[in-house]
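Chain by chain, the residues:
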Amino acid sequence: QNLSKFYTLPGIVSVKDFFYENETAYIVMEYVNGINLKEYLNNAGGKLDEKTVLSLMKPALESLYQIHNSGLIHRDISPDNIMVTTDGKIKVIDFGSARGNSAESEKTYTVILKHGYAPSEQYYAKGYQGPWTDIYSLCATMYKMLTGQVPPNSIERMENDEYKDPSAYGVYVTPRTTAVLRKGLAIRTSQRYQNIGELLADLYGSAPIVNN
């Protein structure tokens, strides 16, 4: 019901209806004509140039910023849950794991994650989740789009951080985008962007980035 308010946002799938039947909750969403980002990347040789990645992802980032402002987080962003339409637009799908922001209260979450795309707080039922949780997954997805590689598992990074900037894989990525990804993929939630507005300002802005 909350998601149905955002049917006009271009970067997410439109939710048409929500109902209970057979002791199950159902979400009725628009049909998106296209393929998922994972398949799209495979067809493109495994990776995309920076300009294409930033152009594709901007509507999704802007749409999720509004979703976050309503108090919801997606919690399962990865190339599997992003569709690329036949006209070359991106839509985030599968809001079945979406929940309210846990920063406001002591909530217990079902542990749903994809290794490499999930931040460390998602590995714990009472992990401190919020917009920064989706930000990690979004940056991990952009990292995959740019390099063809999935970032190291966040739990393993807590013990031995083997994260490498995209340039380590022989792809050119501007210092601006490199710095944004590094901050968005910070292991500690406090060192990450706290909302997508901050990330958008750094990723698409013109002012120098000040690393904290």
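All of these numbers come straight from a predicted model, not from anything done at the bench.

Asks: In this structure, what is going on with a nonpolar patch on the surface? I would like to understand it.
Replies: Among the surface-exposed residues, Phe19, Tyr26 and Val28 lie close enough to one another that they form a single nonpolar patch of about 220 Å² accessible area. Relative to the helices and strands, Val28 resides in strand E2 (residues 24-29). Overall, the relative accessible area of 33% leaves Val28 in the partly exposed class.

Asks: Whenever I open this one, unusual backbone geometry confuses me. Can you help?
Replies: Excluding glycine, residues mostly have negative phi values, and the peptide bonds linking residues are mostly trans. In this structure, Glu23 is a non-glycine residue whose phi angle is positive, near 60°. Residue class for Glu23 comes out exposed when judged on its relative accessible area of 86%. With a phi angle near 80°, Arg75 is a residue other than glycine that sits in the positive phi range. Residue placement: Arg75 occurs in the loop between strand E4 (72-73) and strand E5 (82-85).

Asks: What is the right way to look at the sheet that holds E5 in this model?
Replies: Two strands in a sheet stick together by hydrogen bonds in their backbones, pointing the same way (parallel) or opposite ways (antiparallel). The strand order across the open sheet formed by 3 strands is E3-E5-E6, and the pairing between neighbours is antiparallel. Since the sheet does not close on itself, it has two edges, and those belong to strand E3 (34-36) and strand E6 (90-92), each with one partner. The sheet shows a mean angle of 30° between the axes of neighbouring strands, direction not considered. The pairing of E5 with E6 spans 3 bridges and is antiparallel. For Val84, the partnering residue across the bridge sits in E6 and is Ile90.

Asks: Help me understand the confidence of the model for the chain, please; the structure alone is not making it clear to me.
Replies: Regions with low pLDDT carry predicted coordinates that are not meant to be interpreted in detail. Of all residues in the chain, 88% attain a pLDDT of 70 or more, and the chain-wide mean is 88. In the model, residues 102-106 has pLDDT below 50 throughout and makes 9 contacts with residues more than four positions away in sequence or in other chains.

Asks: Help me understand the environment of Tyr143 in this model?
Replies: Positionally, Tyr143 belongs in helix H3 (residues 131-147). Placed 93 residues apart in sequence, Tyr143 and Glu50 show a C-alpha to C-alpha distance of 9.9 Å.

Asks: Please clarify how the pattern of salt bridges should be interpreted in this entry.
Replies: Side chains that differ in sign of charge can pair as their charged atoms come close. One pass over the full model with this rule turns up 5 salt bridges. Measuring nitrogen to oxygen at the nearest pair gives 2.8 Å for the salt bridge that ties Asp161 to Arg157.

Asks: Looking at this structure, I do not really get the pairing of strand E1 (residues 15-21). What am I missing?
Replies: Looking along a regular strand, one sees the side chains alternate between the two faces of the sheet. As judged from the 6 bridges shared by E1 and E2, these two strands associate in the antiparallel manner. Bridging across to E2, Glu21 finds its partner in Thr24.

Asks: Before we go on, may I ask you to explain the pairing of E5 in this structure?
Replies: Neither face of E5 is open: one carries Ile82 and Val84, the other Met83 and Thr85, and all of them are buried. Both E3 and E5 contribute to a ladder of 3 bridges, which runs antiparallel. By the bridge assignment, Asn36 is partnered in E5 with Met83.

The rules we used
Think of each chain on its own: its residues are numbered from 1, step by step along the sequence as written. In view of the model being predicted, local features appear only for residues whose pLDDT reaches at least 70, and side-chain atom pairs are presented and counted only at 80 or more, with totals across whole chains, interfaces and linings using the full set of residues. To obtain the side-chain values, all non-hydrogen atoms of the structure were used and water was disregarded. Only residues whose relative accessible area exceeds 30% and that take part in no salt bridge are eligible for patches, with like-charged residues grouped when within 9 Å of each other and nonpolar side chains (Val, Leu, Ile, Met, Phe, Trp, Tyr) grouped when within 5 Å. Accessibility throughout is a Shrake-Rupley quantity obtained with a 1.4 Å probe, and a residue counts as covered only by protein chains that appear here. A carboxyl oxygen of Asp or Glu within 4 Å of a side-chain nitrogen of Lys or Arg is what we treat as a salt bridge. We count a stretch as a helix when DSSP gives it H or I for four or more residues in a row; a strand needs E for two or more, and each element gets its number in order from the N terminus. We call a residue buried when its accessible area falls under 20% of the maximum for its residue type, exposed when it is over 50%, and partly exposed in between, using a 1.4 Å probe and counting protein chains only. Being paired, for any two strands, means DSSP has found at least two bridges between them. Each axis is a line fitted through C-alpha atoms, and for a helix only the stretch in contact is used; angles between axes span 0 to 180 degrees, taken between their N-to-C directions. You can read pLDDT as the predictor saying how much it trusts each residue, on a scale of 0 to 100. Contact definition: two residues touch when any of their heavy atoms are within 4.5 Å.

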